[in-house]
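Chain by chain, the residues run as shown.
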Amino acid sequence: MSEFVQELPPGGILSHDIFLERARGFDLFGDTVAIADRLAGRVQLFRSKGEHIATLGGPLGPGDPEILQSPWRVEFAPDGTLWVGDPGRGALVGFPLGGGEPQTAQLPVATTAGFGVDHVLGPVGASAHPGFLLTAYAVADRPLNIPSEVPLPSELAYGPDRISPGHLVVSGGRRGEVILLDAIRTSLWRIGLEYEPPRIVDISRIPVPAWLVKSVRADMELMAEAFPGAVAPGFKDMRAGDRGVWLVPGLDTIDGVFVPYEADGRVTVLWRDPLQEEAWSSRVLDDAAWLMYPASLRLFTIADED
């Protein structure tokens, strides 16, 4: 059971300038909510209760109005810096907590929609360089390649008939590891890291429920039949945390699935009525669900049915 609580912006619009145009990603840091306002080329910041804080980028944002073109993914670093993945610019843009000049780091365009933030290394994306799995882009704007000292899974190899970096989504997990989603093959990987020097020390698989794999792949096959030649990733978003991974399937009537790191942990599913609008991204925190729709971010309370 669920109950609607509020939406950002309140009522879907605050003013002529404060509204959302085909929003995509969002993230939360304490009482602050960041929303990637894709078509408007900006990021909107709100308090979780509805107060509008600031506009980053766009005609009302600080600095160069072209600093953002089509922000897709936003993620807060542990220090409060907000990192924005912008495929339009092929860049990551970091906005320091409390203001200050934005910092820009280049990233392959295909990975700007799927980067994560590590506790130590900062923004981390998938790398297509032979012999490397990840590339971290530090705030000094100098690429830092992380070599793998363990065999890479063959299914993660790049090539014309294999996966591409654009189908991988990365997220920071617990300290010393990042989580990687293969959105085509419906597989999750834990990447263990050491920092001095930065290197991969372990790669292991996180079990994904069989019913979810079956459902996502069936939806992908239907999409392929409807649009021959198109490759539709099975997931729209993935965010890792201390206890597990939140997945947002691309199709079907599921708005989110929480997969714990432990194989015997409880899987939480956020279902959607077939007649309801499909959310682009979602998150469940403390018995409340945040769902990102194109024109608003909506908060619902959730409770187990009797």
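Residues numbered from 1 in each chain as written. Predicted model: local features only at pLDDT ≥ 70, side-chain atom pairs only at ≥ 80, totals over all residues. Heavy atoms only, no water.

### Describing the overall build of the chain
A tally of regular secondary structure across the chain gives one helix and 24 strands. Out of the 306 residues belonging to the chain, those deemed buried represent 51%. (Helix = DSSP H or I, 4+ residues; strand = E, 2+ residues; numbered from the N terminus. Buried < 20%, exposed > 50% of the residue type's maximum accessible area, 1.4 Å probe, protein only.)

### Here we look at the pattern of salt bridges
Where side chains of opposite charge bring their charged atoms close, a pairing between them can arise. Tallying each qualifying case throughout the model produces 16 salt bridges. Note that Asp237 is salt-bridged to Arg73, the shortest N-O span being 2.7 Å. With Asp237 in strand S18 (residues 235–240) and Arg73 in strand S6 (residues 73–76), this pair connects stretches of sequence that are 164 residues apart. Classification of Asp237 as buried rests on a relative accessible area of 6%. Residue classification places Arg73 among the buried positions, given a relative accessible area of 3%. Note that Arg174 and Glu177 form a salt bridge whose closest N and O atoms lie 3.0 Å from each other. Through salt bridges with shared partners, a single network forms among Asp27, Arg73, Glu75, Asp237, Arg239 and Arg283. (Salt bridge = Lys/Arg side-chain N within 4 Å of Asp/Glu carboxyl O.)

### Details of the pairing of strand S22 (residues 281–285)
Walk down a regular strand and you will see the side chains alternate between the two sheet faces. Sheet topology places S22 next to strand S23 (residues 288–293); five bridges connect them, and they run antiparallel. Bridged to Ser282 within S23 is Leu291. Counting the residues in the hairpin turn of S22 and S23 gives two residues, including Asp286, whose phi is positive at 50°. (Pairing = 2+ DSSP bridges.)

### Regarding the sheet that holds strand S5 (residues 52–57)
Spatial strand order, S2-S3-S4-S5: four strands in an open sheet with antiparallel pairing. Here the strands that pair on one side only, and so sit at the sheet edges, are strand S2 (26–29) and S5. Each strand of the sheet is rotated relative to its neighbour by a mean of 20°, with strand direction disregarded. Bridge analysis of strand S3 (residues 32–37) against strand S4 (residues 42–47) gives six bridges, and the strand direction is antiparallel. By the bridge assignment for S4, Ala34 is matched with Leu45. (Axes fitted to C-alpha atoms, helices over the stretch in contact; angles between N-to-C directions.)

### Considering the side chain of Arg239
As for its position among the elements, Arg239 is in strand S18. Owing to a relative accessible area of 7%, Arg239 belongs among the buried residues under this scheme. A distance of 2.6 Å separates the side chain of Arg239 from the backbone oxygen of Val74, its partner in a polar contact. If near-sequence neighbours (up to four positions away) are discounted, Arg239 is found in contact with Phe26, Asp27, Arg73, Val74, Glu75, Ser171, Gly244, Val245, Trp246 and Arg283. (Polar contact = N/O pair within 3.5 Å; in protein donor to acceptor, adjacent residues only side chain to side chain. Contact = heavy atoms within 4.5 Å.)

### Here's the deal with the environment of Ser48
Along the chain, Ser48 falls in the loop between S4 and S5. For the pair Ser48 and Ala34, spaced 14 residues apart in the sequence, the C-alpha separation amounts to 9.7 Å. Dropping the residues within four chain positions of it, Ser48 is found in contact with Gln6, Asp31, Val33 and Trp290. In this structure the side chain of Ser48 is engaged in a polar contact, spanning 2.3 Å, whose partner is the side chain of Asp31.

### Section: a nonpolar patch on the surface
Taken together, the side chains of Trp211, Val267 and Trp271 define a hydrophobic patch exposed on the protein surface, amounting to about 320 Å² of accessible area. One can find Val267 in the loop between strand S20 (254–260) and strand S21 (268–271). Val267 sits in the partly exposed class, given a relative accessible area of 32%. (Patch = residues over 30% accessible without salt bridge, like charges linked within 9 Å, V, L, I, M, F, W, Y side chains within 5 Å. Areas by Shrake-Rupley, 256 points an atom, 1.4 Å probe, with all protein chains shown as cover.)

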